[in-house]
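Observations on chain architecture
For reference, the chains in residue letters:
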Amino acid sequence: MSSVLDFYADRLERVECDRGFVELGLVLRRGKTQDPYTISDHKNFFFPLGSQIMNGDLITRIDHDTKDQYIVVAKQIGDDNVAVQGKRINTHINIYKLVDKYDAKHKKIGVEEVLTEENVPSYTNEQVASMRFYDAGLLESCTRFFFTKQGLDCDTLYRIKFSGANYEVVGIAKEKYRDMWVIQVKEDARK
């Protein structure tokens, strides 16, 4: 059975998965507008049937000049190919757990940051006032969210350091996308 990918054989790119394999696929922009945000941060990938790419995988366009990396947020198997949606990795974050520090007399003397995850690839976007009603509910102080792989050592009240600022984890949507998390944060005022 022929595939639409046979027609575009001259445009196929090698795409490397973080699980250690390379596949040939067609990469297209997602969206109908000329908005730079739509063009640069979201892509549709098309692979032959039998592709091993899964939701939550990190894939890299190794034949492209910029070597952009994407996190797979959706996968759909069609009649003649596998369609995948990816969000471009635009940051790497560090995740910290805050642990109380005590003196010899068991009196709390402060809080210590304990690094739980380092250099986590993530897609992030800022929420504006009109976007504050999010799928996990109304989060009045939520200012940003991060798309990451699942299974990180992260929970509510943990701290994420990003772009020189501290953010407090207020929620983790684990069921919104298969095999990945959406971490919702607000600005962290804790010392």
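Cut-off values and rules
- Residues numbered from 1 in each chain as written.
- Predicted model: local features only at pLDDT ≥ 70, side-chain atom pairs only at ≥ 80, totals over all residues.
- Heavy atoms only, no water.
- Helix = DSSP H or I, 4+ residues; strand = E, 2+ residues; numbered from the N terminus.
- pLDDT = per-residue confidence, 0-100.
- Salt bridge = Lys/Arg side-chain N within 4 Å of Asp/Glu carboxyl O.
- Core = buried A, V, L, I, M, F, W, Y, C linked by side-chain atoms within 4.5 Å.
- Buried < 20%, exposed > 50% of the residue type's maximum accessible area, 1.4 Å probe, protein only.
- Contact = heavy atoms within 4.5 Å.
- Pairing = 2+ DSSP bridges.
- Axes fitted to C-alpha atoms, helices over the stretch in contact; angles between N-to-C directions.

**Here we look at the environment of Gly 110**
- For Gly 110, the location among the structural elements is in strand β8 (residues 108–126).
- Each C-alpha atom of the pair Gly 110 and Val 99 lies 8.7 Å from the other, and the pair is eleven residues apart in sequence.

**Section: the confidence of the model for the protein chain**
- Scored by pLDDT, the protein chain has a mean of 86; 86% of the residues are at 70 or more.
- Looking at the elements of the protein chain, mean pLDDT is at its lowest for strand β9 (residues 133–134), recorded as 52, and at its highest for strand β1 (residues 13–17), recorded as 95.

**A closer look at the pattern of salt bridges**
- Taken as a whole and judged by the stated rule, the model has ten salt bridges.
- A salt bridge links Glu 113 to Arg 159; the shortest N-O distance between them is 2.6 Å. Separated by 46 residues along the polypeptide, Glu 113 in strand β8 and Arg 159 in strand β12 (residues 159–162) bring together distant segments of the chain.
- If you follow the salt bridges from partner to partner, you end up with Glu 113, Arg 159, Lys 161, Glu 168, Asp 188 and Arg 190 in one network.

**Brief notes about the nonpolar core**
- Formed by 15 residues in total, the largest nonpolar core has its most connected members in Ile 95, Cys 154, Ile 160, Val 169 and Ile 183.
- Those elements giving two or more residues to this core turn out to be β7 (91–102), β12, β13 (165–173) and β14 (180–187).
- Leaving out residues up to four positions away in the same chain, Cys 154 has contacts with Ile 95, Val 169, Ile 172, Trp 181 and Ile 183.
- If you look at the next biggest cluster of nonpolar residues, it comprises twelve residues, including Val 15, Cys 17, Val 27 and Val 82.

**Remarks on the pairing of β1**
- Along β1, the buried face is formed by Glu 13, Val 15 and Cys 17; none of Arg 14 and Glu 16, which line the opposite face, is buried.
- Bridge count between β1 and strand β2 (residues 21–29): five bridges; the pairing is antiparallel. Within β2, the position partnered with Cys 17 by the bridge is Phe 21.
- The hairpin formed by β1 and β2 contains three residues between the paired strands, and Gly 20 there has a positive phi angle of roughly 100 degrees.

**Overview of the sheet that holds β7**
- Taken in spatial order, the six strands close into a barrel running β7-β8-β11-β14-β13-β12, and their pairing is antiparallel. Averaged over neighbouring strand pairs, the angle between their axes works out to 45 degrees when direction is ignored.
- As defined by bridge partners, β8 adjoins strand β11 (residues 144–149) across four bridges and the pair is classed as antiparallel. Each bridged residue has a counterpart across the sheet, and for Tyr 123 the counterpart in β11 is Phe 147.

**Some points on the side chain of Asn 44**
- Within the fold, Asn 44 resides in strand β3 (residues 42–47).
- The class of Asn 44 is buried, set by a relative accessible area of 19%.
- The contact partners of Asn 44, leaving out residues within four places of it in the chain, are Leu 26, Val 27, Leu 28, Arg 29, Arg 30, Val 84 and Gln 85.

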